[in-house]
Amino acid sequence: MASIYTQADSNTRKTWFLLTGFLVFIIAIGYLFSYILEDSTILYIAIIFSIFSSFGSYWWSDKIVLSMYKAKPIEKKDNPELYRIVENLCITAGLPVPKIFVIPENQPNAFATGRNAKHAVIAVTQGLLNRLEKSELQGVIAHEMSHIGNKDMLLMTVVAILAGMIAILANMFMRISFWGGHRNSDNNKGNAGLILMILGIFAAILAPIAATMVQLAISRKREFLADADGALLTRYPEGLARALEKISSDATPMKIKNDATANLFIDSPYKGKQKTSWFIKLFMTHPPVEERINALRGMDIK
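Rules used in this analysis
- Residues numbered from 1 in each chain as written.
- Predicted model: local features only at pLDDT ≥ 70, side-chain atom pairs only at ≥ 80, totals over all residues.
- Heavy atoms only, no water.
- Patch = residues over 30% accessible without salt bridge, like charges linked within 9 Å, V, L, I, M, F, W, Y side chains within 5 Å.
- Areas by Shrake-Rupley, 256 points an atom, 1.4 Å probe, with all protein chains shown as cover.
- Salt bridge = Lys/Arg side-chain N within 4 Å of Asp/Glu carboxyl O.
- Helix = DSSP H or I, 4+ residues; strand = E, 2+ residues; numbered from the N terminus.
- Buried < 20%, exposed > 50% of the residue type's maximum accessible area, 1.4 Å probe, protein only.
- Axes fitted to C-alpha atoms, helices over the stretch in contact; angles between N-to-C directions.
- Parallel < 35°, antiparallel > 145°, perpendicular 65-115°, else oblique.
- Left-handed = near helix turned anticlockwise from the far one by under 90°.
- Contact = heavy atoms within 4.5 Å.
- Nonpolar A, V, L, I, M, F, W, Y, C, P; charged D, E, K, R; others polar.
- Polar contact = N/O pair within 3.5 Å; in protein donor to acceptor, adjacent residues only side chain to side chain.

Re a nonpolar patch on the surface
Part 1 of the reasoning: Among the surface-exposed residues, Trp 16, Ile 51, Phe 52, Phe 55, Trp 59, Trp 60 and Ile 64 lie close enough to one another that they form a single nonpolar patch of about 730 Å² accessible area.
Part 2 of the reasoning: By residue number, the principal contributor to the nonpolar patch is helix 2 (residues 40-68), which donates six residues.
Part 3 of the reasoning: By the element assignment, Trp 59 lies in helix 2.
Part 4 of the reasoning: Residue Trp 59 is classed as partly exposed on the basis of its relative accessible area of 42%.

The following block contains the structure:
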């Protein structure tokens, strides 16, 4: 059975595969548009954009996400109990102590980010600190430490940033298609203009689906694995189970939400909008909380 660290190499390979695939995909689209429009500038722009996006998402994705949610770093003097919990779990897991950030949101939630264990970050909302008891908070932190240990946080954060880039590109392709279509129409190149407009429309329609599929490249099994590994770190599955109950039942909305980064959190930030039909489950970034809680309470830790 997979456990903490056994997925680290696999997740690293998946990360570089996704970054390379994104790079090739954008360059190919740029070449197609430049060929139809007979303008090599578009290809150069696509190459620069894809390289910057791919490597930028690796080096700066954590900073982008933290900035998006207005997370603020804290020191040990700001919350000694939280720091002790993190330090103790790091000793148990054999990991360096990550930076700790607090998100000014009342909804209880948390996520981990960073490109490796030495540059890892755990971000928790103020609502999480206000609502959870110590054993429950330990369960949540242990869950996020497990994501750091098996490098889930690198893969999840990179995917979130690339999904956002795809959405930007969808809008860009749509604009280029209409601009190119009108230009070719003026030059009596109706067929090329029509083809370009159709390509732009398809890009805009398929981009959200592509972004979803990229996010689903991270299996929902990672949450079950992180739950199990977190429970092993604390030796107390009930703490995380109770934390998930409180987090999932809290209907407080988040002031800042983003579809691309929803998969980072320990539970979906879209409260009251999660359905569990078989079809919806195919596109959920998190497994149903009830299944996670049942799995935790079914664990036999001696």
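Brief notes about the environment of His 286
Part 1 of the reasoning: Counting through the fold element by element, His 286 comes out in the loop between helix 10 (278-282) and helix 11 (289-297).
Part 2 of the reasoning: Residue class for His 286 comes out buried when judged on its relative accessible area of 3%.
Part 3 of the reasoning: Spatially, the C-alpha atom of His 286 lies 9.1 Å from that of Ala 262, the residues being 24 residues apart in sequence.

Some words on the packing of helix 9 (residues 237-249) against helix 11
Part 1 of the reasoning: Interaxial distance between helix 9 and helix 11 falls to 9 Å at its minimum, and their mutual angle equals 165°. Taken together, the axis directions place helix 9 and helix 11 in an arrangement best described as roughly antiparallel. Regarding helix 9 and helix 11, the two cross each other, and that crossing is left-handed. On the side of helix 9, the interface is formed by Pro 237, Glu 238, Leu 240, Ala 241, Arg 242, Leu 244, Glu 245 and Ser 248, while helix 11 contributes Val 289, Arg 292, Ile 293, Leu 296 and Arg 297.
Part 2 of the reasoning: When its residues are assigned to classes, the contact of helix 9 with helix 11 shows seven nonpolar, one polar and five charged.

Some details on the packing of helix 3 (residues 80-93) against helix 5 (residues 134-149)
Part 1 of the reasoning: Close contact between helix 3 and helix 5 brings their axes to 10 Å; oriented N to C, the two are set at 50°. As judged from the angle between their axes, helix 3 and helix 5 are oblique. You can see that helix 3 and helix 5 cross each other, and the crossing is right-handed. Here Glu 81, Leu 82, Ile 85, Val 86, Leu 89 and Cys 90 of helix 3 lie close against helix 5, whose contacting residues are Lys 134, Leu 137, Gln 138, Ile 141, Ala 142 and Met 145.
Part 2 of the reasoning: Of the residues contributing to the contact of helix 3 with helix 5, the split by class is nine nonpolar, one polar and two charged.

Considerations on the environment of Pro 104
Part 1 of the reasoning: Secondary-structure assignment places Pro 104 in the loop between strand 2 (99-103) and strand 3 (110-113).
Part 2 of the reasoning: Under the relative-accessibility criterion, Pro 104 is labelled partly exposed at 42%.
Part 3 of the reasoning: C-alpha separation for the pair Pro 104 and Gln 126, spaced 22 residues apart in sequence, amounts to 5.7 Å.
Part 4 of the reasoning: Residues in contact with Pro 104, not counting those within four places in the same chain, are Tyr 69, Lys 70, Ala 71 and Lys 255.

Overview of the pattern of salt bridges
Close approach of charged atoms allows side chains with opposite charge to pair.
Part 1 of the reasoning: Scanning the entire structure with this criterion turns up nine salt bridges.
Part 2 of the reasoning: When the shortest N-O distance is used, the salt bridge between Glu 136 and Lys 246 registers 3.0 Å. Taken as a pair, Glu 136 in helix 5 and Lys 246 in helix 9 lie far apart in primary sequence, 110 residues in all.
Part 3 of the reasoning: With its nearest N and O atoms 2.8 Å apart, the salt bridge here joins Glu 238 to Arg 297. Of this pair, Glu 238 sits in helix 9 while Arg 297 sits in helix 11, placing them 59 residues apart in sequence.
Part 4 of the reasoning: Among the residues examined, Glu 238 registers a relative accessible area of 24% and is labelled partly exposed.
Part 5 of the reasoning: Through salt bridges with shared partners, one network takes in Glu 136, Arg 242 and Lys 246.

Side note on the side chain of Thr 261
Part 1 of the reasoning: Residue placement: Thr 261 occurs in the loop between helix 9 and helix 10.
Part 2 of the reasoning: For Thr 261, a relative accessible area of 1% translates into the label buried.
Part 3 of the reasoning: Reaching out from Thr 261, the side chain makes a polar contact with the side chain of Tyr 69 at a distance of 2.5 Å.

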